[in-house]
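# Residue-level structural notes
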Amino acid sequence: MDGDRITLLGGWSPSSGLRHFPRAVVCPFTGADDVEEVVLAPPGYFGPVPYGFGVVELDGSPPLRIVTRLQGDDIHPGARVVLAAEEVPDADGNPLATWVFRS
Amino acid sequence: MTPVPRGDVRISGVGMHPFGRFEGLTGTDMGVAAVRSALDEAGIGARQVQAAFCGTAYGGVAAGHRVLGALAGTGIPIVDVEAGCASGGAALQLGTASIASGQYDRVLVFGLEKMPKGVIRSSFFAPWQEAAGLSPAPAYFALRAQRLLLDAGLTRQHLAQVVVKNRRNGVDNPDAMFRTPVTVEEVLAARMICDPLTLFMLCSPNEGAAALVLERGGDGSGDGIRVAGISLRSHLPGNVLGEDSPLCGIEDSSITSPTELAATDAYEQAGLGPSDVDVVECQDTDSGRELLAWAELGLCGAGDQARLLADGSTLIGGPIPVNPSGGLLSKGEPLGASALGQVVEIVRQLRGTVTDRQVPGARVGLSHVIGRGANACVTILTR
């Protein structure tokens with residue numbers, strides 16, 4: 001994370017050929033025990049957007065879809081969005097770094 | 001995976017504490033009331049059951065012991081079961097299996113809950129997910145509802161029609177929290193919670209209890225309602241819109257849902273199919289959730305929900321009435337008790353003892369819950 005620039009890191013299992021987010025101990029789809037860290041690019045958006053909460057499809061094969069918060073006025077199925085960093089307060093009011101996709 | 005009912009397991013008594021908000025009453029108080037009613041119906045006392053299974057998610061340590069303790073019924077195995085919204089279903093599966101396997105002849109299954117007010121919170125999510133806004137249940141419900149509208153060609157009107165149906169049924173249910181009818185216009189004009197779901201389209205977490213006495217059948221008397229099939233299943237991985245509320249997934253349409261897994265098991269155990277079912281109680285945490293369940297349970301094809309709404313198929317008096325109790329949209333949802341509340345309704349429907357909202361001639365009933373975990377439970381009862 002650098003200012004409002006943020007990189008979304010996930011996991012990748014060479015044996016299953018599948019990525020996931022956030023990185024887990026084993027591949028959450030197959031149970032394969034060979035997970036490596038991978039950078040997940042945010043190329044576009046997939047699906048409906050109810051109140052800043054939706055599904056973004058990341059490039060790659062097969063595509064990986066992640067549940068995320070969304071911000072912007074021009075968000076609709078098929079819209080493209082950009083990954084950005086954001087701070088939110090935790091339960092004690094301390095800043096917590098997180099991500100958001102913006103139109 | 002189609003095990004469980006091998007022996008003849010019968011429900012010989014049911015009891016309810018109404019669902020709602022009851023200041024001054026504890027979860028234990030409500031559990032005691034429901035258990036006493038079920039024991040009375042079965043004509044036995046608390047010391048005449050051999051084991052007890054208590055479904056609860058927020059009941060705390062030894063919730064079941066507190067209920068049996070208040071009835072001087074301890075000394076037997078008492079097992080608390082947590083499976084989110086399906087907690088009561090999980091308890092019923094364990095109780096049924098304990099009789100079917102020959103371990104016991106008579107057990108008590110009950111569920112209780114006293115939920116905090118507001119949006120359901122749970123330790124299911126990591127604290128950072130809550131802080132980052134990635135945990136509220138209505139947001140996930142709305143995502144699935146949005147997807148349903150796109151895939152099935154449905155509209156907000158259809159979502160509202162489900163609420164109108166269930167609230168109409170709830171008017172005649174003394175155990176329901178909301179007993180006033182609503183119109184489509186009122187539902188659509190209610191406060192938007194999370195697009196497309198308005199306030200009336202979401203059930204209310206609340207308080208209540210339900211209880212059943214299970215007994216080994218097979219004496220030829222034919223008494224009691226038979227547990228013909230029951231299955232609790234969790235989710236398969238991979239669906240980004242899955243009930244397990246994942247943060248990622250690779251596809252969202254080709255993965256069998258936990259409800260479909262459980263329904264397939266239960267139908268196979270019972271030797272019955274969707275066309276044999278006379279009455280259904282299904283999970284209507286939100287009105288979209290009920291429409292999803294219609295297809296998942298085989299009551300209609302995917303995308304066929306609009307036709308069922310148009311021709312009144314799921315109304316009392318239609319060919320496949322759904323949620324004659326008023327559903328969770330009328331009753332509210334006390335997590336540990338909601339599944340067993342559905343079973344109590346089905347038992348009464350099959351007995352033919354329901355006043356004002358009886359499904360005529362019902363012989364086969366199905367109940368269905370789905371929720372956090374994910375966990376889905378489908379139960380088929382026959383008379």
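Residues numbered from 1 in each chain as written. Chains lettered and ligands numbered in written order. Predicted model: local features only at pLDDT ≥ 70, side-chain atom pairs only at ≥ 80, totals over all residues. Heavy atoms only, no water.

## What to know about the interface of chain B and chain A
As a reminder of what qualifies: Here, two residues are considered to be in contact whenever any of their heavy atoms come within 4.5 Å of each other. By definition, the buried area sums, over both parts, the 1.4 Å-probe accessible area that each loses when the two are put together. Criterion for a salt bridge: a side-chain nitrogen of Lys or Arg within 4 Å of a carboxyl oxygen of Asp or Glu. N or O atoms closer than or at 3.5 Å make up a polar contact, with two conditions inside protein: a donor-capable atom paired with an acceptor-capable one, and, for residues adjacent in sequence, both atoms drawn from side chains. Think of it this way: any DSSP run of H or I at least four residues long counts as a helix, any run of E at least two long counts as a strand, and we number them from the N terminus. Just so you know the grouping, Ala, Val, Leu, Ile, Met, Phe, Trp, Tyr, Cys and Pro go in nonpolar, Asp, Glu, Lys and Arg go in charged, and all remaining residues, Gly too, go in polar. Here a strand pair is declared whenever DSSP counts at least two bridges between the two strands.
In this assembly, 26 residues from chain B lie in contact with 27 residues from chain A. Summed over both sides, the interface between chain B and chain A buries roughly 2,200 Å², with carbon and sulfur atoms accounting for 76% of that surface. On the chain B side of the contact with chain A, B:Leu143, B:Cys248 and B:Ile250 bury the most area, a combined 26% of that side's loss. Summed over the shared surface of chain B and chain A, the number is 0 salt bridges. Viewed at the interface, chain A and chain B are joined by 3 residue pairs in polar contact (both at pLDDT 80 or more). The element best represented in the side of chain B that touches chain A is helix H5 (residues 137–152) of chain B, accounting for 7 residues. For the side of chain B that touches chain A, the per-class residue count stands at 18 nonpolar, 4 polar and 4 charged. Strand direction decides the pairing type here: strand S5 (residues 64–71) of chain A and strand S9 (residues 248–249) of chain B, joined by 2 bridges, are antiparallel. Within S9(B), the residue paired with A:Ile66 across the bridge is B:Cys248.

## Regarding the sheet that holds strand S8 (residues 225–234) of chain B
Residue and element names in this part refer to chain B. Spelled out, the test is: Inter-axis angles, ranging from 0 to 180 degrees, are taken between N-to-C directions of lines fitted to C-alpha atoms, where helices are fitted over the stretch in contact.
Taken in spatial order, the 9 strands of this open sheet run S3-S2-S4-S7-S1-S8-S12-S11-S10, and their pairing is mixed. Of all strands in the sheet, those bounded by a partner on one side alone are strand S3 (78–81) and strand S10 (279–281). Strand-to-strand, the axes of this sheet are offset by a mean angle of 20°, without reference to chain direction. Where S8 and strand S12 (residues 375–382) come together, 8 bridges link them in antiparallel fashion. In the sheet register, Ile 230 faces S12, and the bridge partner there is Thr 379. On top of the sheet, helix H8 (residues 258–270) reaches S8, strand S11 (364–371) and S12; it is set at about 150° to S8, its chief contact.

## Section: empty space enclosed by the protein
Residues and elements named next belong to chain B. Put simply, the test is: Of the grid points, spaced at 1 Å and generated over the protein atoms alone, those admitting a 1.4 Å probe that cannot get out make up cavities, while open sets with protein on both sides within 12 Å along at least five of seven lines make up pockets; any residue with an atom within 4 Å of a point is treated as lining. Grid points are joined across faces, edges and corners, and a volume is the space filled by probe spheres set on the points.
Tallying each qualifying case throughout the model produces 5 cavities of 30 Å³ or more. Empty space within the largest cavity amounts to approximately 50 Å³. Residue lining of the largest cavity: Gly 88, Gly 89, Leu 92, Ala 339, Leu 340, Gln 342, Val 343, Ser 367, His 368, Val 369, Cys 377 and Thr 379, and that is the complete set. Among the secondary structure elements, those contributing two or more residues to the lining of the largest cavity are helix H3 (87–100), helix H12 (335–351), S11 and S12. Broken down by element, the residue count for the lining of the largest cavity peaks at 4 residues, all from H12. Considering only residue class, the lining of the largest cavity consists of 6 nonpolar, 6 polar and no charged. Around the second largest cavity sit Met 16, Asn 173, Asp 175, Ser 325, Lys 331, Gly 341, Val 344, Glu 345 and Arg 348, which together line it. In terms of residues, the lining of the second largest cavity owes the most to one element, H12, which gives 4 residues. When the residues that make up the lining of the second largest cavity are grouped by side-chain class, the tally is 2 nonpolar, 3 polar and 4 charged.

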